[in-house]
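One-letter residues, chain by chain:
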Amino acid sequence: MPIKRSFSNIYSEMDKINVNRKKENTEKKNYEIEGLFKPKMVNGKFSIVLRFLPSHPDEELPWIENRNHLFQLDNGSWFGCDCAKKFNKPCPICDYNSKVWEKYGRTDEARAKVKAKWRPNYYSNILIIKNDNQPDTVGKVYRLQYGRAIMKKIQEAMENKDDPELGIIPGINPFSWWGPNDEAVIKGDEKAGANFVWEAVQGSNGPNYDSSHFNPARRISKFGPDGKLHNLTDDEIDAIESQLYTLKDIEIKEDAIRSYGEVLEFYKKKSGEDLMAEFTDGSSDYAATTKSHIQTEEADDEEMFSGTPLETKKQTVTETVKKADFTNSMPFDEESESQDNAETGMVDATEEDDDDFFARLANG
Ligand SMILES: [Zn+2]
């Protein structure tokens, strides 16, 4: 039997995630991450049945979250950096946006100036149950990278629903092996899970995932030769548990991200402009303190844009992730949300920034 995990902890951690943010306009990155699932579109769409899986036995939570900013500069190149706000530290891009909102208020001018807000990337273990575009992936365990749109569906699935016809439909644990008929669920020790249908339709600005959904709760299963779903046996579940990936090693650590000064310096190097020029009387006192990092940045850049495969370098995964932040490739864009913002270009006017701004006004 697979190990027992605490579900209440999943709930309390999930409460900390706010997916009800406004849109962002950023692009996905392709990390060189072992076992990362890369869906394939055929005729502009895919429809994949998958199961989110519990955590690796050595870890507690079945997901991790990284945060980054990614946007296009006026000169056409892409700028990316991790957001230090994940560690409750100041982030230059977030600070810049706050200053813009403060100075210009909720105006078109402000919207034209602000940079893309930070965006979360979540990672979880999944089992592919059906995938007609890539039949060779079926039955395998992968790490899935996903964004707010799918995290929001996970959160909604966890909540009880009050249906006018059926009454209370209990929320599921999307990361559970079990179904409603399993003993642990009947006893109330565990919650049932469900299969997730991940559907994408290619739009003009990226895939749309709106029709993705969890199906009714059931035990983890696979399609048999008869074309029907069959519950996995306990032994089959044990076999999958032994293939789970750890996630903590791909979570970006505080000491691996660029410092405040380094981000500003990198921005200047890529754009030719001081990000904060408008708010610092043109002076850039951070430059003096970060000079020693410039050499490093150049080395990073060379490596990143030379086309040298990252995996040939001797790097930790974290380091790879950090550097991948700055590639100017145009990777697979996972979020349907990004489409909605296309008309405003790179502008990302978020409620949160506005709220911060108005809260500060109210507090003097
Ligand atoms: Zn930030």
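Residues numbered from 1 in each chain as written. Predicted model: local features only at pLDDT ≥ 70, side-chain atom pairs only at ≥ 80, totals over all residues.

## Side note on the overall build of the protein
When helices and strands are tallied, the protein shows 11 helices and 12 strands. Excluding contacts between residues fewer than 6 apart, the proportion of contacts in the protein whose partners are at least 24 apart in sequence is 68%. (Helix = DSSP H or I, 4+ residues; strand = E, 2+ residues; numbered from the N terminus. Contact = placed C-beta atoms within 7 Å.)

## Focus on the pairing of strand S5 (residues 141-146)
Consecutive side chains along a regular strand alternate between the two faces of the sheet. With 5 of its 6 residues buried, S5 lies for the most part within the structure. In this sheet, S5 lies alongside strand S4 (residues 119-131) in antiparallel orientation, the contact comprising 6 bridges. By the bridge assignment for S5, Tyr122 is matched with Tyr146. (Buried ≥ 20, exposed ≤ 12 C-beta atoms within 10 Å, placed from the backbone. Pairing = 2+ DSSP bridges.)

## Focus on helix H2 (residues 92-104)
Across its 13 residues, H2 extends 18 Å between first and last C-alpha, which sits within 8% of the 18 Å expected from 1.5 Å per residue. Within H2, the full set of buried residues consists of Pro92, Ile93, Asn97, Val100 and Trp101. Immediately beyond the C-terminal end of H2, within one or two residues, lies Gly105, with a positive phi of roughly 65°. (Expected span 1.5 Å × (residues − 1).)

## A closer look at the confidence of the model for the protein
Residue-level pLDDT values for the protein average 78, and 73% of them are 70 or greater. Low pLDDT, under 50, characterises residues 282-364; the stretch is placed with 135 contacts to residues that sit more than four places away or in other chains. (pLDDT = per-residue confidence, 0-100.)

## Considerations on the pairing of strand S8 (residues 196-203)
With 6 bridges joining them, strand S1 (residues 45-52) and S8 adopt antiparallel strand pairing. Bridge pairing in S8 places Phe46 opposite Ala200. Taken together, the 2 bridges between S8 and strand S10 (residues 213-214) define a ladder with antiparallel strand orientation. Note that in S10 the partner of Phe196 across the bridge is Phe214. Where S8 hands over to strand S9 (residues 206-208), the hairpin turn is made up of 2 residues, counted between the paired strands.

## Description of unusual backbone geometry
The phi dihedral of Asn43 falls on the positive side, at around 55°, and the residue is not glycine. Relative to the elements of secondary structure, Asn43 occurs in the loop between helix H1 (7-14) and S1. With 8 C-beta atoms counted inside 10 Å, the residue Asn43 sits in the exposed group.

## Comments concerning the environment of Val263
Of note, Val263 is situated in helix H7 (residues 260-271). Placed 171 residues apart in sequence, Val263 and Pro92 show a C-alpha to C-alpha distance of 7.0 Å. With residues up to four places along the chain from it excluded, the contact list for Val263 reads Cys81, Pro92 and Arg258.

## A look at H7
Taking 1.5 Å per residue as the helical rise, H7 with its 12 residues ought to reach 16 Å, and the 17 Å between its terminal C-alpha atoms agrees with that figure. Within the span of H7, buried status applies to Val263, Leu264, Glu265, Phe266 and Tyr267. Positive phi appears at Gly272, one or two residues downstream of H7, with a value of about 80°.

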